[in-house]
Amino acid sequence: MFYNRYRKKTEGVIRFFDLSSPITKIVTVLIFVACIIMLLISIFPAIWVFLASFKDIAEFRKSATILPSDFDFSKYTKTWNELKFTRYYINSFISVTGSVVCAIIFNGLLAYVLGVLKPKGHKIVFTLVMWSLLIPPTTSIVALYVNINKIGLNQSFLPLWLAMGANAFWVVLFKQYFESLPKEYIEAARLDGCNDFQIFLKIIMPLSKPIIAVVTIFAVTAAWSDFLLPFLVLAGTDKETVMVRLFEFRTASKSTDVDVLRAIAFSIIPPTIVFALFQKQITKGIGAGGIKG
Amino acid sequence: MQQKGGDGLFKNNSSKKITLFKKNISAWMIMLPSILLFAFFVWAPLFENIRLSLYDAQGIRTIKFVGFENYIRVFSHPSFWPAFRNTFYYIFWSLLLGFWIPIIIASLITETLYFKGLFRVGVYFPNILPGLASVMLWGFFFRPGKTGVLNILLDKIGIEPFTWLTTPGWTIPLIVLTLTWKAAGSTALIYMAAISNINQDLYEAATIDGASPFKRFLHIMLPSILSLGKTLLILQIIAVFQILYEPLVMTNGGPNNASISIMQLVYKYAFQDYNYPMAAALSVLICIVLVALTLLYFKVTKNVDDAN
């Protein structure tokens, strides 16, 4: 029964007729077991955080067990209130929303011009954008921080939002998608008197929902997880995001291990929900983006 | 006839030129904001880094031009050579673990027929966790003493607790393992997409020639993975140079600089010592190395293709 499905197998190297050899039979079972182990390794740490954060600090220090002695949700709400996580969540929400809007509009517009309109000189811009892929973003963080301070944009969400509007990888994703759209729609809209910008809003955007969804998901996870620039720009203000708060545990002496654990749990709940809802689009987007990009 | 045609062409051309000009202007206007963003967030920092690295500064205000003095200061800084040496360790371990683990994951999941979707989603899951959260999380796993999660698990199978990150020789491999745990799933998905694009006739032909499944893997599947892996390899090395918050959060570069990364040193210069010019100088050096590596890589892969 286990082997029956191999009749229809068309991917990979093992085929149904290979199973006449007992070694191959054993190997397929071993591969299945290996996959289960990989799955456990992948998801266990996240599950552990939630289990361990039900322990109180005394239990956490003393007992060497994985499971907590009880599941009391009031411990969670207590930490949530003590650390004032509502505010960090709201701040993160503001940061993520603005980032997604910027990511779609600015990268989308650039990709539209480079992929569809192709004005004189677009190749130079595209080359510069492609070279940006090679510039490691973290090496420019010092200079970027200095520049942001010089023009007085620190202590504001604005640089975080706008930074998401200059992502070479997303430009490439958008461009490839826009180039695959049928040219007839664009020509028809032009004959109807639409200008370039209207074509983008009325024709390109509605046709590009799948790629917008992929970039949105990427931007949400990137903006939610980003902490270095948010830390440098927002630390010490009332605009600190969840990740900035998490990073500050590094130097905070008052916090206990279970507080840190619960804060980690709070920080991984939203991306996990997003992932649970959109896992199909996410895993597809990775495969497609990787092949073409 | 010919004359007329030429005339028409000329007229068309000039009116075309005007519309073409208008078209170009409107297109450039549309992408101008995005270009400005790229200029501010990506290109300007590059030049600002170079400028800053040649000056003495007080905070963010540059005072006077000092030439390459900051670079000399970087080279003579006591933490520079440990960080420089560690970079090679990081690269070595990430080539050993970070490169092969996704290939193994992709090959194994391709060969299984049950819960395939669940496995794909499962191995990708660590990718969506915030990097900082996952690093802090693994800190609890690697904790020495009997409350460290891995030590609890070891205890269950009767093995003595281990010191993990506080053992100098183990620090970098464990940090790379954490990185790989997080990133491998996404690379594996890319490989799996490539595997499903392999022409089925190849397997059939190999089977008729009497190739065993393992040989088919070695001669058909693996080469197609590796041809894609070549391009991912350089991205991986670039990523290794940017390792920053893993050692910063997990070990703070210790024990005794055993895991300090070159980017972490930039962070230390800039945001702990507030010596921005030195941080900029080191950033410039890293950038030069990465661009050189990239060019070298292009040359090497081109030569390989030519030889084929």
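1. Looking at the overall build of chain A
- Helix and strand counts for chain A stand at 14 helices and 0 strands.
- Counting from the amino terminus, chain A carries its helices and strands in the arrangement α-α-α-α-α-α-α-α-α-α-α-α-α-α.
- The C-alpha atoms of chain A give a radius of gyration of 25 Å, which is well past the 19 Å a tight globule of 293 residues would have.
- Along the first, second and third principal axes, the C-alpha atoms of chain A reach 70 × 70 × 35 Å.
- In chain A, buried positions account for 40% of the 293 residues.

2. A few points about the overall build of chain B
- A tally of helices and strands in chain B yields 13 helices and 2 strands.
- Taken against the 2.2 N^0.38 rule, which gives 19 Å for 308 residues, the C-alpha radius of gyration of chain B at 27 Å runs more than 25% over that of a compact globule.
- Seen through its principal axes, chain B has C-alpha atoms that stretch 100 × 75 × 35 Å.
- In chain B, which comprises 308 residues, the proportion classed as buried is 40%.

3. Observations concerning the domain arrangement of chain A
All names here are of chain A.
- What the domain assignment lists for chain A is domain 1 (4-52) and domain 2 (76-292).
- For domain 1 and domain 2, the distance between their C-alpha centres works out to 35 Å.
- The interface of domain 1 with domain 2 comprises 4 residues on the first partner and 4 residues on the second.
- Here the residues of the side of domain 1 that touches domain 2 are counted per class, giving 4 nonpolar, no polar and no charged.

4. So, the confidence of the model for chain A
- In the predicted model, chain A carries a mean pLDDT of 86, and 95% of its residues have values of at least 70.
- When pLDDT is averaged over each helix and strand of chain A, the minimum, 72, is found for helix α2 (residues 57-62) of chain A and the maximum, 95, for helix α4 (residues 85-117) of chain A.

5. Comments concerning the interface of chain A and chain B
- Counting residues at the interface gives 78 residues for chain A, matched by 85 residues for chain B.
- Looking at which element gives the most residues to the side of chain A that touches chain B, the answer is helix α1 (residues 22-52) of chain A, with 14 residues.

6. Things to note about the environment of F44 of chain A
- Note that F44 of chain A resides in helix α1.
- Separated by 219 residues in sequence, F44 of chain A and A263 of chain A place their C-alpha atoms 18 Å apart.

Rules of the game
- Residues numbered from 1 in each chain as written.
- Chains lettered and ligands numbered in written order.
- Predicted model: local features only at pLDDT ≥ 70, side-chain atom pairs only at ≥ 80, totals over all residues.
- Helix = DSSP H or I, 4+ residues; strand = E, 2+ residues; numbered from the N terminus.
- Rg over C-alpha atoms; globule rule 2.2 N^0.38 Å.
- Buried ≥ 20, exposed ≤ 12 C-beta atoms within 10 Å, placed from the backbone.
- Domains from an automatic or database assignment.
- Contact = placed C-beta atoms within 7 Å.
- Nonpolar A, V, L, I, M, F, W, Y, C, P; charged D, E, K, R; others polar.
- pLDDT = per-residue confidence, 0-100.

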